[in-house]
Amino acid sequence: MFRKLQSASAMGLLLMYGIFPAGSQKVYAGNHLKFIENRVASADEKNRTNSVFDITGKVTGDNGEELPGVSILLKGTTTGATTDANGTYKLTIPAGNATLVFSYVGYVSQEIPVNNRSIIDVKLLADTKALEEVVVVGYGTMKKSDVTGAITSVKAKDITAIPTTNALRSLQGKVSGIDITQSSGQPGADINIVLRGNRSLRADNKPLVLVDGIPYGSFIDINPTDITSIEVLKDVASTAIYGTRGANGVIIITTKKGTSGKSTISFNSYVSMNKKALYPRMMNGEEYAQQKREAYRTTNGDVYRKDEDIFQVTELQYLKDKQFEDWQSYIFHNGLMQNYEINLTGGSEKTTFATSFGYQKDKGLLLNDIYRRLNGKVSIDHKISNRIRVGVSAIYSFKNQDKRDNPLNMANKILPIAKAFNDDGTLILNPAPGYSAQFTPLADEQPGVFVNNIVDKRLFSSAYLDMKITNELFLKSTIGLDFRDYRRGYYKGYNTIANVGRNSSSGVELQNFFNYTWENTLNYNKTIGRHQIQGLLGTSSLGTKYEEYTSAGNNQASPLTSFHDLNSNTISKAIGSKLRETTIASFFGRINYKLSNKYIFQASLRTDGSSVLAAGQKWGYFPSVSVAWRLIEEPFLQDSKIVNDLKLRVSWGKSGNSAIDPYATKGGLGLSAYAFGTSAAFGYAPSVIPNPNLTWETTGTWNAGLDFGLVGNRISGTIDVYRSRTKDLLLPSLLPTHTGYAEILENIGQVENKGVELAITSQNVNAKSFNWSTDWTFTLNREKIIALNNGVTRNEANSWFVGEPTKVFYNYKKIGIWQLGEEEAALNFGNNKPGDVKVADTNGNGVVDPGDRTTFSQVPKFTFGVNNHFEYKNIDLSVFVYGRIGHYINYEYNNTAYKPSALENSSNVDYWTPENPTNAFPRPNSSYSTTNYLYQSTLGYVKGSFVKIRDVSLGYNIPSALVKKVGVGRVRVYGTLQNYFTFSKIKDYDPERGGDLSFPLVKQMIFGVNIDF
């Protein structure tokens, strides 16, 4: 942690920053500074004069944790002892001048003079050189100081610090360069994840996610407590070793292994009480009635019509009696999530094991919206000999989900002047008088009418063989098998939101996945004087098989059989099936060379051959080179009292994206229907033109980085600057109609990403009883399309424009509402009138035309995260702030949910009237709807920037003196507030949801416990 202190001025500097706790004893030994808290107790004089006497004490780590298995040795002898599970020890030694040596793996060994003391408590300081952080890289591990690429490592304590169902969500705001948002608030929802910007226009931009080296996918349903670390590989120098799969970055998840010695058991559990986060309300009965009056006033020569002319008789009575309904209050409930995890590790010198079990149940905000998950993990490692090791692991997950259809679309548009229930409590299916198309949003909650059940089973397994051929040469062979069975069955009665009184519908979807991975690597490590060489050669074979079977129909005979009697459907019976198979064969190599522990060179090359490409185009080659200069090892910085670590990195490389659908190069046939008299017949005709020249999308990246540590590593961090360009994007090119085809897929586009990433950790206070640290991350990325089809600069159908980001909205820009006194200008500019939406004349020709449309970027300009962690004695507090700034969302509440015709309920917005000349929303108009109201779609584009205090967590470690009485090593209880505080310019809405009004994000109040036995 600290470099050698050679002067009193350095000691003074460290004292000034509060590194030494007041009153502690300082001992200087070697290159390490250690804190030793000695508790001296007087011993019986008789004991001191005897030939032997006993010494007892307790050994803790630098964070106060009890250390079991610490070796205590009487210097110069073989007499010794080890600490027990509580970190305590007892040792009998001869009387006289003696010194005890305390040693423990990963900590600085300490020599303590006995000085006639019978009780000696010791605090060991972590040995940062012996325990220099090791990070996982492609096909191996490496000391962090030797890394030449842009890699961020997140350790177990940061992954489990905040409860989450998907471990990758713990990276949000804590790893620079990665943009993570929650896709929905529905239980079991996935996350959106992009690393260093979007690269492809048609393919998935999610990074490759590996679990123990095997592809897994972005939905991580592994217990977070099973994870040792997560490494994020960001630059191509780090990802090129994965070839065609590495263009979007790589995330490597390493799970826990067993350890020899005493078995350990840990239990972790939490309960989360969930409520909807910020969510806007619709109009109440009075507000809706007034909007309807205004809508008919607009079409009645600016004169209000009588209520009797615009409201139905029952509506008038409801209005008089104030019979109003708040439909959201019926839809939303309080959710409850329960999570339980238990882990057991242990083993002998030859065999170690780790096993775990987890159960989670998440009751969502909607009734009968429930996600259940059971998962388990077993890993066994066995040392056959000093040269051969084998291991196997298996992760099994079983998910059972009852998934609701979205009722909020109906709930937000059904009239509030309505009656939800009859006097006897039964549900009224058409609660709004006179509006037969407005079905109750509670319809799916009726018993027996709605089933949408998903059962998802997955077995993810791997096995390895490690062989030490010589002291420098190591062979590893790994095989991974991934089996997944997915079944969705649904039944929706005729009185449901989906069918609104029409025929029932039912169906089953079966999906079977089988993926295999077989990889072999040969590693070579050699040190010759000042030279260190590491070499890697490897082969990889991957295969995927996907099968799908579907069956569906309408008008099932009975709801009692749910989706288990599809043959009884009498209408629209349909069956379908699919098969998709792919294989990739790869060869790769890497060489690392380090000179004098300060100059580091790395080069790699991977070649991939894919079955999805045509003959002659199947193989791609992906090189990378990188260098690093450890300036801290140079003589001019050796004695620096300010700079403790400094490394400069530069890298370049290429990786690929096999973004082609299987069989795309072979063309395709489309089904055509024919009639022969009264008989139907089917045939096939060419529908997709083959292109045997299709090849990889390739990404080349330059990256420059600086790693630093200052003031005794009180301040440490990383700065990266990068520029990447993706070429040969797969895009459709239009074809002349006489060819018989509409388009052909070609490699013709380019996208550029460039940005800056910053990550800083500061130890603000490091005192005896109080610690305060802060982690900062900042990400700035600029992406833009460089080229589309030959000579084409815009593809309006897909919203692709040269010079713009890959994801934009394309529309007119609203700048206000036409006001009284602007009648002539409004008429001339698009036949508008006061109260209509005013849009910008972006091309300046004085009239509104398609050339006035512009783009609104969906990509944030920057994101940041700030995590403050405080510790005071047994209490810990963390506060995490996350921000996503500078992007637009299409806010449904402002756009389609505003109903100017008043035929449905509407957003409660500030609309224009002659008495209220607002510039916010256009005038209600009974002749307009959301589909024909001029420029209404422009209302939705709003800045989606937000800052949220995403997590506030307060924990307490129960004193060990209390818990050890019941045989427990550690107990921590905690409470967490998640997603409770969001700040944005959008009222009553969490912009992280992206503008959608379905399944809002939740805020969680969590209570949990961590127990180590």
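Predicted model, so just to flag it, every value in this text is computed and none were measured.

1. Some thoughts on the overall build of the protein chain
A count of helical and extended segments in the protein chain gives 12 helices and 50 strands. The C-alpha radius of gyration computed for the protein chain amounts to 33 Å, which stays within 12% of the reference 31 Å derived for 1013 residues, consistent with globular compactness. For the protein chain, the spread of C-alpha atoms along the principal axes amounts to about 110 × 70 × 65 Å. When the 1013 residues of the protein chain are sorted by exposure, 49% land in the buried category. Sequence separation of at least 24 residues holds for 68% of the intrachain contacts in the protein chain that already meet a minimum separation of 6. When the accessible surface of the protein chain is totalled, it reaches about 45000 Å², and 56% of it is carbon and sulfur. Each charge class in the protein chain was averaged separately, 109 positive and 93 negative side chains, and the resulting centres sit 6 Å apart.

2. What to know about the environment of Arg 630
Turning to its location among the elements, Arg 630 is positioned in strand E30 (residues 619–630). A C-alpha to C-alpha distance of 47 Å links Arg 630 and Val 792, two positions 162 residues apart in sequence. Among residues more than four places away in sequence, those in contact with Arg 630 are Ser 145, Asn 597, Lys 598, Ile 600, Asp 645, Leu 646 and Lys 647. A distance of 3.0 Å separates polar atoms of two side chains, one belonging to Arg 630 and the other to Glu 633.

3. Quick notes on the pairing of strand E29 (residues 599–610)
Here strand E28 (residues 571–595) pairs with E29 via 12 bridges, running antiparallel. Its bridge partner being in E29, Leu 595 is matched across the sheet by Tyr 599. As consecutive antiparallel partners, E28 and E29 are separated by three residues, and within that stretch Ser 596 has a phi angle of approximately 55 degrees, a positive value. Where E29 and E30 come together, 11 bridges link them in antiparallel fashion. What sits directly across from Ile 600, in E30, is Ala 628.

4. Focus: the sheet that holds strand E12 (residues 151–155)
Strand order in this open sheet of five strands is E12-E17-E18-E15-E16, and the pairing throughout is mixed. Here the strands that pair on one side only, and so sit at the sheet edges, are E12 and strand E16 (214–215). Of the pairings in the sheet, the one linking E12 to strand E17 (residues 227–233) comprises five bridges and is antiparallel in character. If you follow Ile 151 over to E17, its bridge partner there is Leu 233.

5. A few points about helix H5 (residues 285–298)
When the terminal C-alpha atoms of H5 are compared, their 20 Å separation across 14 residues agrees well with the 20 Å that a helix rising 1.5 Å per residue should span. In terms of residue burial, H5 counts as a mostly covered element, since 11 of its 14 residues are buried. Considered for burial, the residues of H5 that qualify are Gly 285, Tyr 288, Ala 289, Gln 291, Lys 292, Arg 293, Glu 294, Ala 295, Tyr 296, Arg 297 and Thr 298. Its buried side turned inward, H5 meets helix H6 (307–310) and helix H7 (313–321). One side-chain oxygen of the residue at the start of H5 lies 3.2 Å from the amide nitrogen of Glu 286, identifying that residue as Asn 284.

6. Description of the side chain of Gln 328
When you line up the elements, Gln 328 lands in helix H8 (residues 327–331). For Gln 328, a relative accessible area of 10% translates into the label buried. A polar contact of 3.1 Å, which involves the side chain of Gln 328, links it to the backbone oxygen of Pro 280. With residues up to four places along the chain from it excluded, the contact list for Gln 328 reads Tyr 279, Pro 280, Arg 281, Met 282 and Asn 412.

7. With respect to the pairing of strand E50 (residues 1002–1012)
Pairing of strand E19 (residues 261–276) with E50, which is carried by 11 bridges, proceeds in the antiparallel orientation. Bridge pairing in E50 places Lys 275 opposite Lys 1003.

8. Quick look at the sheet that holds strand E5 (residues 80–82)
A sheet is described by the order of its strands in space; here four strands give the open sequence E5-E4-E7-E8, paired in antiparallel fashion. Lying at the two open borders of the sheet, with one neighbouring strand each, are E5 and strand E8 (110–113). Along the sheet, successive strands turn relative to each other by an average axial angle of 20 degrees, direction set aside.

9. Remarks on the pattern of salt bridges
Taken as a whole, this structure holds 46 salt bridges when the rule is applied. A salt bridge links Glu 547 to Lys 545; the shortest N-O distance between them is 3.9 Å. Put simply, Lys 948 and Glu 992 hold a salt bridge, and the shortest N to O gap is 2.7 Å. Of this pair, Lys 948 sits in strand E48 (residues 946–957) while Glu 992 sits in the loop between strand E49 (970–983) and E50, and the two are 44 residues apart along the sequence. One exposure class covers both Lys 948 and Glu 992, and it is buried. Salt bridges linked by common partners bring Glu 294, Arg 297, Asp 302, Glu 915 and Arg 923 together as one network.

10. Quick notes on a positive patch on the surface
The grouping of Arg 782, Lys 813, Lys 861, Lys 943 and Lys 985 at the surface amounts to a positive patch. Note that Arg 782 resides in strand E37 (residues 770–787).

11. Digging into the environment of Arg 297
Following the sequence through the fold, Arg 297 ends up in helix H5. Spatially, the C-alpha atoms of Arg 297 and Asn 925 are 7.9 Å apart, while their sequence positions differ by 628 residues. Of the polar contacts made by the side chain of Arg 297, one reaches the side chain of Tyr 304; its length is 3.0 Å.

12. Section: the side chain of Ser 724
Position of Ser 724 relative to the elements: it lies in strand E35 (residues 715–734). Beyond its immediate sequence surroundings of up to four residues, Ser 724 is in contact with Thr 699, Gly 700, Thr 701, Val 751, Glu 752 and Asn 753.

13. A few points about H7
Looking only at H7, the buried set comprises Glu 315, Tyr 318 and Leu 319. One side of H7 carries all its buried residues, which in axial view fall inside an arc of 100 degrees. Exposed side of H7, more than 90 degrees from the buried face: Val 313 and Lys 320 are the residues found there. On its buried side, H7 packs onto H5 and H6. Looking at where H7 begins, the residue whose side-chain oxygen comes 2.8 Å from the main-chain nitrogen of Thr 314 is Gln 312. Backbone geometry just downstream of H7 places Lys 322 in the positive-phi region, at approximately 55 degrees.

14. Observations regarding a nonpolar patch on the surface
On the surface, a cluster of nonpolar side chains totalling about 680 Å² of accessible area is made up of Phe 601, Val 627, Trp 629, Phe 636, Leu 648, Val 650 and Trp 702. Listing elements by their share of the nonpolar patch, those giving two or more residues are E30 and strand E31 (643–657). Among the secondary structure elements, Phe 636 is positioned in helix H10 (residues 635–638).

15. Details of unusual backbone geometry
Of note, the phi angle at Asn 555 is positive, near 65 degrees, even though the residue is not glycine. By the secondary structure assignment, Asn 555 is in the loop between strand E27 (531–554) and E28. Exposure remark for Asn 555: the relative accessible area of 31% places this residue in the partly exposed category. Even without glycine at this site, Ser 562 takes up a positive phi of about 55 degrees. In this fold, Ser 562 is placed in the loop between E27 and E28.

16. A word on the packing of aromatic side chains
Across all of its chains, the model carries 28 aromatic pairs by this definition. Measuring from ring centre to ring centre gives 6.3 Å for Phe 622 and Trp 696, while their planes differ by 75 degrees; the resulting arrangement is edge-to-face. Highlighted residues: Phe 622 in strand E30 and Trp 696 in the loop between strand E33 (679–688) and strand E34 (697–710), separated in sequence by 74 residues. As far as burial versus exposure is concerned, Phe 622 and Trp 696 are alike and both buried. It is Lys 174 that lies over the ring of Phe 880; its NZ or CZ is 4.9 Å from the centre.

Reading the values: rules and limits
Residues numbered from 1 in each chain as written. Predicted model: local features only at pLDDT ≥ 70, side-chain atom pairs only at ≥ 80, totals over all residues. Heavy atoms only, no water. Helix = DSSP H or I, 4+ residues; strand = E, 2+ residues; numbered from the N terminus. Rg over C-alpha atoms; globule rule 2.2 N^0.38 Å. Buried < 20%, exposed > 50% of the residue type's maximum accessible area, 1.4 Å probe, protein only. Contact = heavy atoms within 4.5 Å. Areas by Shrake-Rupley, 256 points an atom, 1.4 Å probe, with all protein chains shown as cover. Lys, Arg positive; Asp, Glu negative; His and termini not counted. Charge placed at Lys NZ, Arg CZ, Asp CG, Glu CD. Polar contact = N/O pair within 3.5 Å; in protein donor to acceptor, adjacent residues only side chain to side chain. Pairing = 2+ DSSP bridges. Expected span 1.5 Å × (residues − 1). Axes fitted to C-alpha atoms, helices over the stretch in contact; angles between N-to-C directions. Salt bridge = Lys/Arg side-chain N within 4 Å of Asp/Glu carboxyl O. Patch = residues over 30% accessible without salt bridge, like charges linked within 9 Å, V, L, I, M, F, W, Y side chains within 5 Å. Arc of directions from axis to C-beta. Phe/Tyr/Trp six-rings, centres within 6.5 Å; stacked < 30°, edge-to-face > 60°. Lys NZ or Arg CZ within 6 Å of the ring centre and 35° of its normal.

Just geometry here; none of it tells us what the structure is for.
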